[in-house]
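Survey of secondary and tertiary structure
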Amino acid sequence: MTTTHHDIAAIAADLAPTGVLRASINLGNPVLAQGTPEAPAGITVDLAREIGRRLGLSVETLCFDAARKSFDAMADGRADLCFLAVDPAREKEVAFTAPYVVIEGVYAVPRDSALATVADVDAPGVRVGVKQGSAYDLHLTRVLAHATVVRGAEGVEVFRTLDLEAGAGIRQPMAAYVAAHPEVRLIDGRFMEIRQAVGTAKEKVPETVAYLRSLVEELKRNGFVTDALRRSNQDPALVAP
């Protein structure tokens, strides 16, 4: 997409009406963001700053410890950009780009559990701990026909403290948890692909949304996303196709 100086100015004004690009950052997902609210880092922070640079805007990062809080900031008009997993419930409020990163949702279970496959988890009497408002909370709430979703601040903590049959989460932190807790194992395979994308309010003009979508594709092609993942010690293979 070719954009003129006039187009860029119009997109910047539409995307950031305050004159500052306010980016909602979820520090609760360590694949996407790390550090502190005062000094955040990671691929989402890099993306926000690159979008701001392209549009001639200074960037303000609004940091949260959970995706639902990051989403609320976007929905309430406190943020101009968000970095969230694409989900039908969120698409009512947010216009998303294509994903820039794809991560996996996986289950942890006690080592001696009879649950052996992803399908085994959806059974009567199985309780699954999830992080409230996360992409996998939204997904499992829709798709589990027999198991019960139990929500808390962190899926693996709910699983552990309430002695549940399974805990759900993102592969990378779940794998780290299992490595530190030999009494727990991961079930092979994934229960979902979590497609992380850039989002803005659905009320933005079509040209603004088209610009963001085109820019994300460019940043995947030119290696920006790969380099940002590598800089934050994340697997560069997570880049979305």
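So, here's what we can say about the structure. Numbering of residues starts from 1 in each chain and follows the order in which that chain's sequence is written. In keeping with the model being predicted, local features are shown solely for residues with a pLDDT of at least 70 and side-chain atom pairs are shown and tallied solely at 80 or more, while totals for entire chains, interfaces and linings include all residues. Excluded from the side-chain calculation are hydrogens and water; included are all heavy atoms of the structure.

1. Here's the deal with the overall build of the protein
In DSSP terms, a helix is any run of H or I states spanning at least four residues, a strand is any run of E spanning at least two, and both are numbered starting from the N terminus. The number of helices and strands found in the protein is 9 helices and 11 strands. Relative to its length of 241 residues, the protein is compact, with a C-alpha radius of gyration of 19 Å against a globular reference of 18 Å. Along the first, second and third principal axes, the C-alpha set of the protein runs to 60 × 35 × 30 Å. Across the 241 residues that make up the protein, the buried fraction comes to 52%. Our radius of gyration looks at C-alpha atoms and nothing else; its globule reference is 2.2 Å times the residue count to the power 0.38. A simple rule labels every residue: compare its accessible area, found with a 1.4 Å probe on the protein chains alone, to the largest value its type can have, and call it buried under 20%, exposed over 50%, or partly exposed in between.

2. Let's talk about the side chain of R185
As for its placement among the helices and strands, R185 is situated in strand 10 (residues 184-186). Charged residues are defined narrowly, with Lys and Arg counted positive, Asp and Glu counted negative, and His plus the chain ends left uncounted. Any carboxyl oxygen of Asp or Glu within 4 Å of a side-chain nitrogen of Lys or Arg constitutes a salt bridge here. Although R185 is buried, it forms no salt bridge, and the closest oppositely charged side chain is D112 at an N-O distance of 7.2 Å. Reaching out from R185, the side chain makes a polar contact with the backbone oxygen of S113 at a distance of 2.8 Å. The contact definition used throughout considers only heavy atoms, calling two residues in contact when any of these lie within 4.5 Å. Ignoring sequence-local partners within four residues, the contact set of R185 consists of Y107, A108, V109, P110, R111, S113, L115 and V178. Any pair of nitrogen or oxygen atoms within 3.5 Å is treated as a polar contact; in protein, a donor-acceptor pairing is required on top of that, and neighbouring residues in sequence qualify only through side-chain atoms on both sides.

3. Considering the layout of surface pockets
Both cavities and pockets are sets of points on a 1 Å grid over the protein atoms alone; in a cavity a 1.4 Å probe fits but cannot get out, in a pocket the set is open with protein on both sides within 12 Å along at least five of seven lines, and lining residues sit with an atom within 4 Å of a point. Grid points are joined across faces, edges and corners, and a volume is the space filled by probe spheres set on the points. In this model, the largest pocket occupies a volume close to 340 Å³. In terms of lining, the largest pocket is formed by 26 residues, of which the most central are G28, K131, Y136, E154 and I170. The nonpolar class holds Ala, Val, Leu, Ile, Met, Phe, Trp, Tyr, Cys and Pro. Asp, Glu, Lys and Arg form the charged class, and all remaining residues, Gly among them, are polar. The class makeup of the residues in the lining of the largest pocket is 15 nonpolar, 7 polar and 4 charged.

4. Regarding the nonpolar core
Membership of the largest hydrophobic core comes to 57 residues, with the highest contact counts inside it found for Y100 and V128. Ranked by residue count, the leading element in this core is helix 2 (residues 43-55), at 6 residues. In this description, a nonpolar core means a group of buried Ala, Val, Leu, Ile, Met, Phe, Trp, Tyr and Cys residues linked to one another through side-chain atoms lying within 4.5 Å. Ranked by size, the runner-up nonpolar core spans 11 residues in total, among them V156, F159, Y177 and V178.

5. Topic: the environment of T161
Its location among the elements puts T161 in helix 6 (residues 155-161). Taking the C-alpha atoms as reference, T161 lies 48 Å from I11; in sequence the two are 150 residues apart. At 2.8 Å, the side chain of T161 and the backbone oxygen of E157 are in polar contact.

6. Things to note about the environment of S134
Within the secondary structure, S134 is located in the loop between strand 7 (127-131) and helix 5 (135-143). Using a relative accessible area of 6% as the deciding quantity, one classes S134 as buried. Sequence separation of S134 and G155 is 21 residues, and the distance between their C-alpha atoms is 9.4 Å. For S134, the side chain forms a polar contact with the main-chain oxygen of K131, separated by 2.7 Å.

7. Section: the pattern of salt bridges
Summed over the entire model, instances satisfying the criterion amount to 17 salt bridges. Between R231 and D46 there is a salt bridge, with its nearest N and O atoms 2.8 Å apart. Highlighted residues: R231 in helix 9 (residues 224-231) and D46 in helix 2, separated in sequence by 185 residues. Residue R231 is classed as exposed on the basis of its relative accessible area, which comes to 52%. D46 gets classed as buried once you look at its relative accessible area, which sits at 19%.

8. Observations regarding the side chain of S113
In this fold, S113 is placed in the loop between strand 6 (94-110) and helix 4 (118-121). A relative accessible area of 18% means that S113 is categorised as buried. Within the structure, the side chain of S113 is placed 3.0 Å from the backbone nitrogen of L115, a separation counted as a polar contact.

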